[in-house]
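# Reading the structure
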Amino acid sequence: MSGNGATSVEIKNLDLSFGAVDVLKGLNLSVNEGEFLVLLGSSGCGKSTLLNCIAGLLDVTGGQVFIKGRNVTWAEPSERGIGMVFQSYALYPQMSVEGNMSFGLKNARVPKSEIKERVARAADILQIEPLLKRKPSALSGGQRQRVAIGRALVRDVDVFLFDEPLSNLDAKLRADLRVELKQLHDRLDNTMIYVTHDQVEAMTLADRIAIMKDGIIQQLASPGEIYSRPANLYVADFIGSPAMNLQQGRVENGHFLAGELSVPLASYSFEREVAGDVWFGIRPEHVLVGDDAAGADLELTVKAEVVEPLGSDTLVLTSVNGKRFWLRISGQSKVASGDSLRAGVNAADASLFDAGDEERL
Amino acid sequence: MAKIAAIPMILTALCVFVGGTLWTVVYSFTGSKLLPKAKWVGLDQYERLWNTNRWIVSIENLMIYGICSLIFSLVIGFVLAALLDQKIRFENTFRTIILYPFALSFIVTGLVWQWILNPDFGVQNIVRSLGWASFEFDPLYNQDIVIYGILIAGLWQGTGLIMVLMLAGLRGIDQEIWKASRVDGIPTWKTYIFIVIPMMRPVFITTLVLIASGIVRVFDLVVAQTSGGPGIASEVPAKYVYDTMFLRQNLAQGFAASTMMLLAVAIVIIPWAYLEFGSRKRD
Ligand SMILES: Nc1ncnc2c1ncn2[C@@H]1O[C@H](COP(=O)(O)OP(=O)(O)O)[C@@H](O)[C@H]1O
Ligand SMILES: [Mg+2]
């Protein structure tokens with residue numbers, strides 16, 4: 001599904017500074033043809049900056065950008081074979097929907113009949129035919145964003161760039177449009193690079209996710225891999241809600257030790273040598289509760305402090321070694337705050353990170 | 001409550017403005033001289049008005065000044081704003097310098113430019129002293145171009161404010177609009193004309209009102225710079241009204257001229273208001 005292996009967008013040693021502020025430093029990224037790549041990170045980490053560099057809306061300070069094997073580092077945005085969709089929709093307010101979609105084409109002197117054809121096709125794909133004569137001001141947020149996607153579609157390009165396209169929409173609409181975007185990608189098979197700070201969007205849409213922090217890609221992997229094998233402490237803490245339960249301690253004689261806790265690590269597959277101080281992380285949904293806990297590598301009794309029923313499942317806040325420790329249990333279980341729970345943790349489900357460089361062990 | 005409280009003020013304003021206006025119009029059909037007298041003379045005053053060379057010159061001057069001032073204020077103001085919008089350094093300094101003349105009254109502006117354009121002290125003198133002895137630049141002393149000398153002063157004074165307003169308008173345009181148009185491959189000038197300027201419609205309406213008020217106030221400039229001279233070459237309608245009423249004690253003739261000015265304003269404003277507010281309802 002995710003492309004045929006050819007490279008669509010390649011970024012080599014990209015630097016970008018605003019005056020004295022270095023936002024991107026020697027960034028490398030390669031996106032496969034037909035891939036849906038999500039750039040995920042907290043606000044201000046440089047996602048939009050990276051996307052604007054790919055689009056050619058910012059002049060890079062150093063490095064190169066290739067699209068379809070062509071060096072486009074200094075090409076105008078319109079010559080790069082990209083279409084872009086923005087958070088604020090950025091529709092031309094005085095033009096009709098049709099005008100918005102055709103203005104760029106008219107300007108590029110595309111023949112009238114072809115413009116008509118392309119607009120009709122995009123309108124059909126996005127189901128906005130009834131809106132073609134309307135002005136953007138007469139559209140809802142979701143319709144506006146659809147038109148903005150249509151404006152990118154008619155350009156008949158290889159690569160679509162999205163900068164937080166759903167962030168201005170309410171939750172319900174966001175979920176709907178997310179599904180539509182995924183269907184659109186399946187249907188068109190274009191390369192899509194999608195910027196968001198919303199991890200649900202990232203996990204559901206992406207073939208691969210690039211998690212960014214301070215202009216550096218922390219991990220580039222499939223959503224599953226990022227979820228189950230975070231490359232470092234930042235990624236582990238960033239992905240998942242509630243976040244991974246973390247305990248700081250040390251490794252001695254094949255055991256993780258922190259306060260009262262002692263976890264045998266025989267079943268944990270290490271990536272590199274263990275040395276001294278580490279972080280031990282376990283996701284709330286990987287903590288075994290009740291009878292399942294029997295026989296786990298670590299068994300302990302915890303007291304429910306806060307219970308948050310979400311319907312499908314229930315979150316329980318407890319504390320271990322004085323640190324927050326979340327459990328996710330079935331929505332059917334009856335737990336009240338103050339109850340004591342038996343919990344179990346298997347080292348195989350856990351993630352260990354070096355306390356020094358915070359990389360995965 | 002607030003509305004009720006405002007009623008006396010609204011009534012007073014209506015009485016004074018509408019009453020005063022009506023009174024002026026009515027007495028323009030009389031033969032009043034020093035004092036208003038209800039001695040009806042029909043359209044005599046208007047006939048005399050349109051046969052007066054000075055009035056015709058005034059009208060011509062106002063038309064030239066008005067049209068040029070409108071076009072140049074908008075064009076220069078917008079171009080300066082677009083230049084300043086390119087994130088240049090020292091923007092604040094430039095903005096202050098360009099806005100500074102607006103802090104001066106028309107009278108001061110008029111005096112300043114009277115000196116600058118004075119052949120014996122100003123530009124002409126400076127260029128000549130630099131060695132170009134035959135250089136001539138004395139618009140205020142040349143009947144044919146004196147109105148443009150006044151125009152320069154008017155633009156110098158008023159364009160800064162127009163620029164600042166336009167700059168604020170440009171800054172209000174979402175940066176993503178610019179990005180979208182670049183991705184679409186639309187040249188900058190086309191983006192300004194087809195996308196940005198239409199988005200700035202409210203700013204343009206505000207500036208139009210300001211420019212129009214500047215055109216009306218040109219009286220002050222003329223008084224300070226040329227007193228209507230040389231001869232009657234830089235007369236303007238407001239000055240005609242003032243002079244006829246208070247210097248030549250010919251009230252009714254002044255009223256007739258005022259009424260013509262009112263009529264001209266109405267001819268411009270009423271269709272515009274109709275379009276503006278009539279179409280708003282249909283939206
Ligand atoms: N035009 C600019 N001038 C100076 N600094 C900027 C500019 N645009 C972005 N930055 C800075 O670059 C960093 C990354 O910004 P951005 O890429 O927009 O982050 P995000 O990941 O939220 O999209 C931020 O710290 C921001 O302050
Ligand atoms: Mg951003």
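## Quick look at the packing of aromatic side chains
Going through the model one piece at a time under the given rule, you end up with 21 aromatic pairs over all chains. An angle of 45° between the planes, with centres 6.4 Å apart, marks the rings of phenylalanine 160 of chain A and phenylalanine 162 of chain A as tilted. In this pair, the class of phenylalanine 160 of chain A matches that of phenylalanine 162 of chain A, namely buried. Judged by centre distance (5.8 Å) and plane angle (65°), the rings of tryptophan 113 of chain B and tryptophan 156 of chain B are edge-to-face. Of this pair, tryptophan 113 of chain B sits in helix 5 (residues 106-116) while tryptophan 156 of chain B is found in helix 7 (residues 146-171), placing the two residues 43 residues apart along the sequence. Here the aromatic cluster, defined as three or more aromatic residues joined through ring pairs, consists of Phe36, Phe160, Phe162 and Tyr194 of chain A. One residue, arginine 283 of chain A, lies across the ring of tyrosine 227 of chain A, its end atom 4.4 Å from the ring centre.

## A few points about the sheet that holds strand 1 (residues 7-18) of chain A
Consider a sheet: its strands pair through backbone hydrogen bonds, and that pairing is either parallel or antiparallel. All names here are of chain A. Here four strands make up an open sheet; going across it, the order is 2-1-4-5 and the pairing antiparallel. Two strands close off the open sheet at either side, each with one partner strand: strand 2 (21-32) and strand 5 (70-71). Of the pairings in the sheet, the one linking strand 4 (residues 62-67) to strand 5 comprises two bridges and is antiparallel in character. Following the sheet pairing, isoleucine 67 is matched in strand 5 by arginine 70. The sheet strands contacting helix 1 (residues 47-55) are strand 1, strand 2 and strand 4, and the helix crosses strand 1 at an angle near 120°.

## Quick word on the site of ligand 1
All names here are of chain A. The environment of ligand 1 is formed by Phe18, Val23, Ser43, Gly44, Cys45, Gly46, Lys47, Ser48 and Thr49. For ligand 1, an oxygen atom lies 3.0 Å from a polar atom in the backbone of glycine 46. The contact in question runs from an oxygen atom of ligand 1 to an N or O atom on the side chain of threonine 49, over 2.4 Å. Look at ligand 1: alone it shows 560 Å² of surface, and the protein chains cover 55% of it. The leading source of residues in the shell around ligand 1 is helix 1, at three residues. Looking at the shell around ligand 1 residue by residue, the classes come out as three nonpolar, five polar and one charged.

## Thoughts on the interface of chain A and chain B
Each partner contributes to the interface: chain A provides 24 residues, whereas chain B provides 17 residues. Remark: the boundary between chain A and chain B carries one salt bridge. In this structure, the salt-bridge partner of arginine 182 of chain B is glutamate 76 of chain A, at a minimum N-O distance of 3.8 Å. The interface formed by chain A and chain B holds eight residue pairs in polar contact (both at pLDDT 80 or more) in total. Listing elements by their share of the side of chain A that touches chain B, those giving two or more residues are strand 6 (82-85) and helix 2 (97-107) of chain A. Across the side of chain A that touches chain B, the residue classes tally to 12 nonpolar, nine polar and three charged.

## Concerning the domain arrangement of chain A
Residues and elements named next belong to chain A. When the domains of chain A are assigned, the result is domain 1 (7-233) and domain 2 (243-354). Computed over C-alpha atoms only, the centres of domain 1 and domain 2 are separated by 39 Å. Counting from both sides, the interface comprises eight residues of domain 1 and, opposite them, 10 residues of domain 2. Buried area between domain 1 and domain 2, summed over both chains or domains, comes out near 670 Å², and the portion from carbon and sulfur atoms is 54%. On the domain 1 side of the interface with domain 2, the three residues burying the most area are Tyr227, Arg229 and Leu233, jointly 74% of the side's total. Where domain 1 packs against domain 2, one counts one salt bridge. Between glutamate 271 and arginine 229 there is a salt bridge; the shortest N-O distance is 2.3 Å.

## Regarding the sheet that holds strand 20 (residues 340-345) of chain A
Residue and element names in this part refer to chain A. Spatially, the three strands line up as an open sheet ordered 15-20-16, and their pairing is antiparallel. Each having just a single partner strand, strand 15 (288-289) and strand 16 (298-303) make up the two edges of the open sheet. Inspection of the sheet shows strand 16 paired to strand 20 by six bridges, in the antiparallel sense. Bridging from a neighbouring strand, valine 302 pairs with leucine 341 of strand 20.

## Let's talk about the pairing of strand 14 (residues 277-282) of chain A
All names here are of chain A. Counted residue by residue, strand 14 has five buried out of six residues, so it is predominantly covered. Where strand 11 (residues 245-252) and strand 14 come together, six bridges link them in antiparallel fashion. Paired with leucine 246 across the strands is glycine 281, a residue of strand 14. Here strand 14 runs beside strand 21 (residues 351-354); their pairing, made up of four bridges, is antiparallel. Looking across to strand 21, one finds that tryptophan 279 is bridged to phenylalanine 353.

## Some words on the side chain of aspartate 243 of chain B
Residue and element names in this part refer to chain B. Note on placement: aspartate 243 falls in helix 12 (residues 237-247). Aspartate 243 sits in the buried class, given a relative accessible area of 7%. In this view, aspartate 243 contacts Arg54, Glu235 and Arg248; residues no more than four positions away in its chain are not counted.

## Some thoughts on the nonpolar core
Ranked by internal contacts, the top residues of the largest apolar core, which has 77 residues, are Leu14, Leu24, Leu39, Leu50, Leu161 and Ile193 of chain A together with Met200 of chain B. Among the nonpolar cores identified, the runner-up in size contains 48 residues, and Leu105, Leu131, Val154 and Ile226 of chain A belong to it.

## A look at unusual backbone geometry
Residue and element names in this part refer to chain A. For the bond from serine 241 to proline 242, the omega torsion is -5°, close enough to zero to count as cis. The residue proline 242 is located in the loop between helix 8 (233-238) and strand 11 in this model. One non-glycine residue, asparagine 13, adopts positive backbone phi at about 50°. Of note, asparagine 13 is situated in strand 1. Accessibility expressed as a relative area gives 47% for asparagine 13, which makes it partly exposed.

## Remarks on the pairing of strand 8 (residues 191-196) of chain A
Residue and element names in this part refer to chain A. For strand 8, the buried fraction is high: six of the six residues fall into the buried class. As judged from the five bridges shared by strand 3 (residues 36-40) and strand 8, these two strands associate in the parallel manner. Across the sheet, residue leucine 39 finds its bridge partner in strand 8, namely valine 195. Pairing of strand 7 (residues 159-163) with strand 8, which is carried by five bridges, proceeds in the parallel orientation. Bridge pairing in strand 8 places phenylalanine 160 opposite methionine 192. Regarding topology, helix 5 (residues 171-188) serves as the crossover connection from strand 7 to the parallel strand 8, and that connection is right-handed.

Conventions used here
- Residues numbered from 1 in each chain as written.
- Chains lettered and ligands numbered in written order.
- Predicted model: local features only at pLDDT ≥ 70, side-chain atom pairs only at ≥ 80, totals over all residues.
- Heavy atoms only, no water.
- Phe/Tyr/Trp six-rings, centres within 6.5 Å; stacked < 30°, edge-to-face > 60°.
- Buried < 20%, exposed > 50% of the residue type's maximum accessible area, 1.4 Å probe, protein only.
- Helix = DSSP H or I, 4+ residues; strand = E, 2+ residues; numbered from the N terminus.
- Lys NZ or Arg CZ within 6 Å of the ring centre and 35° of its normal.
- Pairing = 2+ DSSP bridges.
- Contact = heavy atoms within 4.5 Å.
- Axes fitted to C-alpha atoms, helices over the stretch in contact; angles between N-to-C directions.
- Near = heavy atom within 4 Å.
- Polar contact = N/O pair within 3.5 Å; in protein donor to acceptor, adjacent residues only side chain to side chain.
- Areas by Shrake-Rupley, 256 points an atom, 1.4 Å probe, with all protein chains shown as cover.
- Nonpolar A, V, L, I, M, F, W, Y, C, P; charged D, E, K, R; others polar.
- Salt bridge = Lys/Arg side-chain N within 4 Å of Asp/Glu carboxyl O.
- Domains from an automatic or database assignment.
- Buried area = accessible area lost by both parts, 1.4 Å probe.
- Core = buried A, V, L, I, M, F, W, Y, C linked by side-chain atoms within 4.5 Å.
- Right-handed = clockwise from strand over helix to strand, strands pointing away.

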